[in-house]
Amino acid sequence: MTQSEGEKKKVILTCAQPTGKLTLGNYLGAVRNWSNMLENHECYFGIVDLHAITTPAHPATLRQNVFDCVAQYVACGLDPEKSHQFAQSHVIGHTELAWVLTCLTPIGELQRMTQFKDKAAKLGFKTAETEDGEVKFSHEGARPQASINAGLLCYPVLMAADILLYNADLVPVGEDQRQHMELCRDLAQRFNHQFSDTFTIPDAFVPKTGAKIMSLTEPTKKMSKSDENERATLYVLDEPDQIKKKIASAVTDSEAVIRSTPEKPGVSNLLTIHSALSGQTIGELEEHYAGKGYGALKEDLTEIISASLQPVREKYHELIKDKAYLKSVLAQGAAAAQKRAYRVLGKVYRKVGFPERERT
Ligand code: TYM
């Protein structure tokens, strides 16, 4: 039976943090793939401003970043007529469900999360696991007055709530979110087991190419918007001259052979970006560049990136001037998301044993 014959569309939910500018990693590992799913799925795209405050955020910047993010979503091809785009803080249910799930989550599971340990390390904390699986934090060497807030620890539970609140079937994400997705699935199973079937167990959908775009300056690290080195990260809104400079200074190696191998992380990363944008396979690219130098690869790559991002950049600059339109996209998205969220939250509250509220 085809979908048009009445089969229910699968529900897709995914989110990104409103950090202002989407990186090429966000684009290739995430947003671009979402736009290919609009036709055949019911799509919810969240802008997770509640997650954003787990690290210090300036209020005016955060507010503006949410609009920048929705403008970039739409510019990247997420048609608001075919999807629901919402700010996480606009929908009641995310924090409520997160609390219920928090009460089903052992602290140790959260302390062992790779991203949590990475974030703690950035604050100068060392973590070590004892033989019985307990995680110890040493403050030695931590920045003066640095502390790890509980939000950072509970971050993955809120993410699980984002997904389960919509009973999503599929969650398209980059490689770095796999561990969080596992926790989400575990929590759904734990809840279902304890209180009877409630949540759909969601599947992560990780793209074949582009799931992990690496830093241009340290290609063993993922490309990230929090990188202090501005040459490390390409942004969707970068102008052609910025793209040229960043690609020109991208780290390669001294071998001058264009091949994708674990020993050549810099070159492999450039080939991955090329492949994700040009559609050619890595094998085809290796063949094409046999005997050529890194200069040729970098020149072509600069052009491909600039050309691919030009329409996104132009559309963004048009949209960002129209705040009323962006607000209407968020309002429509929040209304649809809220409808679905209330249904699931109501079910969860009943199963947990909270009394129904009498209407007055
Ligand atoms: P965030 O905002 O860091 O990233 C948004 C999406 O971009 C992907 N991504 C990458 N893909 C390839 N290469 C990279 N270098 C790269 N960097 C980022 C991420 O995997 C992600 O898919 N915790 C999430 C936000 C979140 C969420 C959710 C995601 C909150 N609730 C519910 C899905 C479902 C995050 O910080 O993504």
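Presented here is a report on the structure given in the accompanying data block.

About the criteria used
- Residues numbered from 1 in each chain as written.
- Predicted model: local features only at pLDDT ≥ 70, side-chain atom pairs only at ≥ 80, totals over all residues.
- Heavy atoms only, no water.
- Axes fitted to C-alpha atoms, helices over the stretch in contact; angles between N-to-C directions.
- Helix = DSSP H or I, 4+ residues; strand = E, 2+ residues; numbered from the N terminus.
- Parallel < 35°, antiparallel > 145°, perpendicular 65-115°, else oblique.
- Contact = heavy atoms within 4.5 Å.
- Nonpolar A, V, L, I, M, F, W, Y, C, P; charged D, E, K, R; others polar.
- Buried < 20%, exposed > 50% of the residue type's maximum accessible area, 1.4 Å probe, protein only.
- Arc of directions from axis to C-beta.
- Phe/Tyr/Trp six-rings, centres within 6.5 Å; stacked < 30°, edge-to-face > 60°.
- Pairing = 2+ DSSP bridges.

### Looking at the packing of helix α3 (residues 59-75) against helix α13 (residues 323-352)
When two helices pack together, their arrangement is captured by the angle between the axes and the distance separating the axes.
Move 1: Taken N-terminus to C-terminus, the directions of α3 and α13 make an angle of 85 degrees; their axes are 10 Å apart at the nearest point. Taken together, the axes of α3 and α13 are roughly perpendicular relative to one another. For the pair α3 and α13, contact is made by Gln 64, Val 66, Phe 67, Val 70, Ala 71 and Val 74 and by Lys 323, Tyr 325, Leu 326, Lys 327, Val 329 and Leu 330, respectively.
Move 2: Considering only residue class, the contact of α3 with α13 consists of nine nonpolar, one polar and two charged.

### Quick word on the environment of Met 37
Move 1: Inspection of the secondary structure puts Met 37 in the loop between α1 (24-35) and β2 (41-47).
Move 2: Residues Met 37 and Met 223 lie 186 residues apart in sequence; the distance between their C-alpha atoms is 24 Å.
Move 3: Discounting chain neighbours no more than four positions away, the residues touching Met 37 are Ile 12, Cys 43, Pro 172 and Phe 205.

### Things to note about helix α6 (residues 114-122)
Move 1: Those residues of α6 not exposed but buried are Gln 115, Phe 116 and Ala 120. Buried residues of α6 fall within an arc of 140 degrees about the axis and therefore sit on the same side.
Move 2: Buried-residue contacts for α6 involve α5 (107-111), β5 (135-138), α7 (150-164) and α8 (178-195).
Move 3: In the stretch just after α6, Gly 124 is the one whose phi turns positive, near 95 degrees.

### What to know about the packing of aromatic side chains
Move 1: Evaluation of the coordinates by the stated rule reveals seven aromatic pairs.
Move 2: Plain terms: the ring middles of Phe 86 and Tyr 166 are 5.6 Å apart, the flat faces sit at 35 degrees to each other, and that makes the pair tilted. Of this pair, Phe 86 sits in strand β3 (residues 84-87) while Tyr 166 sits in the loop between α7 and β6 (170-172); the two residues are 80 residues apart in sequence, bridging distant segments of the chain. When sorted by exposure, Phe 86 lands in the same class as Tyr 166, which is buried.
Move 3: Centroid distance Phe 191 to Phe 195: 4.7 Å. Interplanar angle 40 degrees. Geometry classified as tilted. Placement of both Phe 191 and Phe 195 in helix α8 is noted, with a separation of four residues, approximately one turn of the helix.

### A look at the pairing of strand β4 (residues 126-129)
Move 1: Bridge count for β4 against β5 is four bridges, and the pairing is antiparallel. Bridge pairing in β5 places Glu 129 opposite Val 135.
Move 2: Between β4 and β5, which pair antiparallel and follow one another directly, the connecting turn spans five residues, one of which, Gly 133, has a positive phi of 85 degrees.

### Looking at the environment of Ser 260
Move 1: Note on placement: Ser 260 falls in the loop between α9 (240-248) and α10 (265-278).
Move 2: The class for Ser 260 is partly exposed, based on a relative accessible area of 31%.
Move 3: In this structure, the C-alpha to C-alpha distance between Ser 260 and Gly 283, residues 23 residues apart in sequence, is 8.7 Å.

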